[in-house]
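The lines below spell out each chain.
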Number of protein chains: 2
Amino acid sequence: MVTRVVEVSRSPFAIVTPVPIESVLVTGGFWGRWLGETLRYALFHQHRMLEESDRINRFRWVSGRAREPPSRSLAPFDDSDVYKWLEACGYFLARANDAEVRGIVESVIDEIVSAQEPDGYLFTAHHGQSSRRWRNLTFDHELYCAGHLIQAAIALHRSVGEDRLFSASIKLADLITRTFGPEGMAGVCGHPEIEMALIELYRETGVERYLREAAFFVDARGRGRLRPDPEDRLNSTLYQLLGGPEYFVDHAPVRELSEITGHAVRALYLNCGVTDLYIETGEEALMAAMERVWRNFVERKMYVTGAAGSRYISESFGIDYELPNERAYAETCAGVANFMWNWRMLLATGEARFADIMELALYNAILPGTSLDGSSYFYMNPLESSGGYLREPWFRCACCPPNVARLLASLPGYLYGVSDGGVWIHLYCSSRASLVLDDAEVKITQETDYPWNGSVKVLVEPEQPSTFSLFLRIPGWSVGSRVKVDGRMLAPRGPYYLEVRKRWHSPSVVKITLPVKPRLVASHPYVRDNFSKAAIHRGPLIYCLESIDNPVDPREIVLARRAVMVERRKRDLLGGVVALKIGAHALDTGVLGPRLYIDLEKYPHARRRIRALAIPYYAWANRGPSKMVIWVPVADFFTSGGNRRRARS
Amino acid sequence: MVTRVVEVSRSPFAIVTPVPIESVLVTGGFWGRWLGETLRYALFHQHRMLEESDRINRFRWVSGRAREPPSRSLAPFDDSDVYKWLEACGYFLARANDAEVRGIVESVIDEIVSAQEPDGYLFTAHHGQSSRRWRNLTFDHELYCAGHLIQAAIALHRSVGEDRLFSASIKLADLITRTFGPEGMAGVCGHPEIEMALIELYRETGVERYLREAAFFVDARGRGRLRPDPEDRLNSTLYQLLGGPEYFVDHAPVRELSEITGHAVRALYLNCGVTDLYIETGEEALMAAMERVWRNFVERKMYVTGAAGSRYISESFGIDYELPNERAYAETCAGVANFMWNWRMLLATGEARFADIMELALYNAILPGTSLDGSSYFYMNPLESSGGYLREPWFRCACCPPNVARLLASLPGYLYGVSDGGVWIHLYCSSRASLVLDDAEVKITQETDYPWNGSVKVLVEPEQPSTFSLFLRIPGWSVGSRVKVDGRMLAPRGPYYLEVRKRWHSPSVVKITLPVKPRLVASHPYVRDNFSKAAIHRGPLIYCLESIDNPVDPREIVLARRAVMVERRKRDLLGGVVALKIGAHALDTGVLGPRLYIDLEKYPHARRRIRALAIPYYAWANRGPSKMVIWVPVADFFTSGGNRRRARS
């Protein structure tokens, strides 16, 4: 079987091709635990939640198999939670021959296909009410759910050869292509998703109609078609409250976009579809728009964690530099969407800056969305907390848990790539991969304790001695990286793919050293919430200060530019982390009393020395409710005292 | 005529009584311009807008006088905009015998009373649909509009003896008392307002039924009665999005409140009614709750400008210390509501801390809501702007413009007070007042250029020499205040009412000096947006840096603790202000390039000297679109270099 999340082997404008999930084995290390028992546990836990929340029962009810009507659903997109969970199982089964998972997957597929209407329509919220079909595209999520069904079906078709769900998804896709298009309805879905799904279905089937349909949906967007029925007061009010056409990225045609706006997941999913379309068509106007939007996102609107979405209620991007920390929305799904989009940009360009964002989002915007044991989830991922915020086992709007699951289940498929005459390492991770280059096998093995440690030993074992390039990602965050090949020491600067081209014998060894010393990062002064503060980075990880580890409220801790940060590998802490012991100071807030505002002259200085402890942000809130900060004030942000000369550099 | 906004002359638990608007003449100075031609212009401008937006036409349509149906209203509370404008006219007419204003007032009253239904019901949104009456109290604002009608009617009844609107309001109030109560419906209005209106009607008529009804509404709140009809999807969704019972302050009975939550104007209007109820009943549990809520507000949730409301869409308070600057909601109406509530707290207690908040909100949360010429308005009052935010002549939801108008029109009534054996000066302002103390007249004259200058000469002229106290407010912001009486120099510290008790001969002179030197104020470290920044205060005014006055984007300006701030009286600038020339530094953001995040070591230092100019915040955005900041980074916030010793004090 060949399970790729994005199958671009035959796509004319892809630079890099992913390798099949089946060909990569994660061999312990950081990701070993996450992708093994924890993921399996999460899949069973989520299945139970899907049952308990009546999401699977809704299909049973539609097919006449349920004895009792399901509880009322909160949202019309509930079906998609089941589909995303199935997609996760698809990737999981690509590597694990797990009869128990396979069993529940089959049973759920059975419920779904039984609920499909004769003409292919499948959307439990509107079942039997054909007058409601495709009526409220702005809010109803019919095409969005169809997209997730298609993605799930493709994943299972690729990984275990599943056919029933795949046939059902083709039947639905064919209904959609018959319904929408130049000669049919001119609609477009309020929530992008169908675009990338149809392109993947084209890749899986070779049927060009699906590609044309995706292009149609991309073209149809941004022309003000997404409007609520003016007689529908609920949706008219919602439309206005949420932000109008910008919320739906319907304010400008895709090729004219220059900023990222609106609902974060909508915008980022749309970008996935647009980038997929570029990969198939090579239309420069699409890539130029994506490049503009990417720059606006990464240079003005992305959290330091790789998270996206600044505003509550509308779950949306704000204006440039609007990045509040405690009121960050930073939906877990938007982290997943960010990863998915940058993955496609990487495949389209082979540029390391996209892989940097993938890695950033993976560790700091997606992983925080799940508890260490896989049993509870964050919907929002604030970058600061004054306490009381905890993960939950499930949500009424439950998009995030299965989205994390499908991303983690597919992770082996993102580590490596293949191009004409080259193999690529995108993400460092203890693993073994069997790649196919020019019809010959190349085995790659990574031995590393990354991200705790920046040393990666790469073993390259071609079937036969042969000449090809090994592309090694040098992250933008690394300073002083070293790569040792054949006794030569290279010093590449990231973000960059270092191309090591040579005749490879088996086994060859490449040693990579990416310094992961902790360092302080500041943000642009227009991000007012972060002014004169720093975030602690170590390798790809963002750290935070959590109240349980610190002698004072983390909001009272002040660092110095030259703060001593001692790295401590703590195997018993939070599943094993490198924590940072930091010499810091505490504000004496007692002086303030109850005052909210105080003459600056009376403001308490931070002279009390304390020992602070920082942990990786992804691991926060796993020990009960706590206060937390990522951005820590730096006392000598401008004036650096004894180290003035250095700090001025 | 005797026009008091709050008439507590006979209220048993009032400490201070307001003086009639008729008895106070503002004699130029800061407020002279605002309360004269500018206010009159605003009243005509708003009348035109009320006509153009069909708000008055809605009454005509209901009474059958309109030829064409009015445009569809955005909101059911549109009637209240007309009522608030009438209330403003009522206060204006208390001082100005202005036939033209009187004329349009009469014509509007005519339209309103003609629209009243025979049983007293008056609410144009539901006219002729008796089945909709009182059905959706959570969202419909029927009782809210009734409250504003009652307040307008009382104002005009007091100031010009107007009877028709007053009779109409009594008819409506009687319908309400017949409808709601222990033996009637148990409802309560989603938007508080009726409570304070009914208590004022009780004060005006002596009819205790109105007081009992207000008490009933106060008691009925916080018991979960404000719920949307579950079948009403629009209101159920809105209810959830806005924040549920807390949004309506319906989550806990009033006497159990300990925090200020929910929609800012709702919460603060409710507090007005509760405080009014205390003033009439003396029930300690009410005042204890108000004290707790006040502390939570002032110590955790109030902007440095006195503005209220941190969150968009829900227009509501956030959690403790959630005070974003650019995304401040800070609705102008909430500034007015804050003033109104603290006014009642002052009347109930005679404590200067409440007058301090009134003054703060007046200059910095209410006045910014209008342009200098009275022709355009802010709904939100951000404390920072990255550009493009301008006042508008009117709004679809137009609560703010007439709210500013009624507050400014009534301002003369807030300057002075009378108590047993004492006269009070609450606000400093060039003015002449004729007060009645123990049936004898006392004339008080203030000569001052306040707030530009902190010197106030107070002339006290009793009809006959007599012994009484003069209570002089010493603001909490003043350091080193001096009061000179009979050659003696006193040095009181605020917030405080300095009692000068003596036998007064006519004329006696008291000289007050309140130092208004500019000073830097910091905020509690938990307000993360303001960390290591300072706001510039001068007297009661908050200053800001606006792009038009500064050589760089205001977000790039950095101050020093000991920044030299030179005060310049500029009579041609913004209607005449004291501006501050400040020696500051600019960040060299060019070093950052497009980067959003940068290693702290590479962060640009602020070494380029610039001359910054600060203007009073209320006057910003009067010269076209501009960028603006109130909170300015302080380079040596923690380490103060050469002035270390002093700064450590």
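See the structure shown above.
For the structure given in this document, a descriptive report is provided here. Model, not experiment: these values are computed from the prediction.

About the cut-offs
Residues numbered from 1 in each chain as written. Chains lettered and ligands numbered in written order. Predicted model: local features only at pLDDT ≥ 70, side-chain atom pairs only at ≥ 80, totals over all residues. Heavy atoms only, no water. Salt bridge = Lys/Arg side-chain N within 4 Å of Asp/Glu carboxyl O. Helix = DSSP H or I, 4+ residues; strand = E, 2+ residues; numbered from the N terminus. Buried < 20%, exposed > 50% of the residue type's maximum accessible area, 1.4 Å probe, protein only. Pairing = 2+ DSSP bridges. Contact = heavy atoms within 4.5 Å. Buried area = accessible area lost by both parts, 1.4 Å probe. Polar contact = N/O pair within 3.5 Å; in protein donor to acceptor, adjacent residues only side chain to side chain. 1 Å grid on protein atoms, 1.4 Å probe; cavity = no way out; pocket = protein on both sides within 12 Å on 5 of 7 lines; lining within 4 Å. Points joined across faces, edges and corners; volume = space filled by probe spheres on them. Nonpolar A, V, L, I, M, F, W, Y, C, P; charged D, E, K, R; others polar. Axes fitted to C-alpha atoms, helices over the stretch in contact; angles between N-to-C directions.

Focus on the pattern of salt bridges
When charged atoms on two side chains of opposite charge get close, those side chains can pair.
Residue and element names in this part refer to chain A.
Here is step 1 of the chain: Tallying each qualifying case throughout the model produces 99 salt bridges over all chains.
Here is step 2 of the chain: A salt bridge links aspartate 110 to arginine 65; the nearest nitrogen and oxygen atoms lie 3.0 Å apart. Of this pair, aspartate 110 sits in helix α4 (residues 99–115) while arginine 65 sits in the loop between α2 (55–62) and α3 (78–95), and the two are 45 residues apart along the sequence.
Here is step 3 of the chain: Aspartate 110 sits in the partly exposed class, given a relative accessible area of 25%.

Looking at the pairing of strand β4 (residues 416–419) of chain A
All names here are of chain A.
Here is step 1 of the chain: Burial of β4 is two-sided: the residues Tyr416 and Val418 facing one way and the residues Gly417 and Ser419 facing the other way are all buried.
Here is step 2 of the chain: In this structure, strand β1 (residues 17–18) lies alongside β4, joined through two bridges in antiparallel fashion. Residue pairing in the sheet places proline 18 in a bridge with glycine 417 of β4.
Here is step 3 of the chain: Hairpin connection from β4 to strand β5 (residues 422–425): two residues lie between these consecutive antiparallel strands, with glycine 421 at a positive phi of about 75°.

Some remarks on the interface of chain B and chain A
Size of an interface: often given as the accessible area lost when the parts come together.
Here is step 1 of the chain: With 76 residues of chain B at the contact, the number on the chain A side is 76 residues.
Here is step 2 of the chain: Regarding the contact of chain B and chain A, the summed buried area is about 7,100 Å², with carbon and sulfur atoms giving 56% of it.
Here is step 3 of the chain: If you sort the residues of chain B by the area they bury against chain A, Arg528, Tyr597 and Leu600 of chain B come out on top, with a joint share of 12%.
Here is step 4 of the chain: Linking chain B with chain A are eight salt bridges.
Here is step 5 of the chain: Viewed at the interface, chain A and chain B are joined by 30 residue pairs in polar contact (both at pLDDT 80 or more).
Here is step 6 of the chain: Contributing elements (two or more residues each) for the side of chain B that touches chain A: α10 (233–242), α12 (284–301), β14 (519–523), β15 (533–538), β20 (597–599), β23 (631–633) and α16 (644–648) of chain B.

What to know about empty space enclosed by the protein
Here is step 1 of the chain: For the structure shown, the criterion picks out twelve cavities of 30 Å³ or more.
Here is step 2 of the chain: Taken as a whole, the largest cavity encloses approximately 630 Å³ of empty space.
Here is step 3 of the chain: Lining the largest cavity are 35 residues, and of these Pro324 and Arg327 of chain A together with Pro324, Arg327 and Asp529 of chain B sit closest to its centre.
Here is step 4 of the chain: Here the lining of the largest cavity is built from residues that sort into 14 nonpolar, five polar and 16 charged.
Here is step 5 of the chain: Approximately 170 Å³ is the volume attributed to the second largest cavity.
Here is step 6 of the chain: Contributions of two or more residues to the lining of the second largest cavity are made by α3, α6 (142–160), α8 (194–205), α13 (332–349) and α15 (400–409) of chain A.
Here is step 7 of the chain: Ranked by the residues each element gives to the lining of the second largest cavity, the list is headed by α6 of chain A, at four residues.
Here is step 8 of the chain: Tallied by class, the residues present in the lining of the second largest cavity amount to nine nonpolar, two polar and seven charged.

Some remarks on the sheet that holds strand β12 (residues 496–504) of chain B
All names here are of chain B.
Here is step 1 of the chain: The five strands are arranged β1-β4-β5-β9-β12 in an open sheet whose pairing can be described as mixed. The open sheet is flanked by β1 (17–18) and β12, the only strands paired with a single partner.
Here is step 2 of the chain: Of the strands in this sheet, β9 (466–474) and β12 touch helix α14 (residues 352–366), which is tilted by about 55° from β9.

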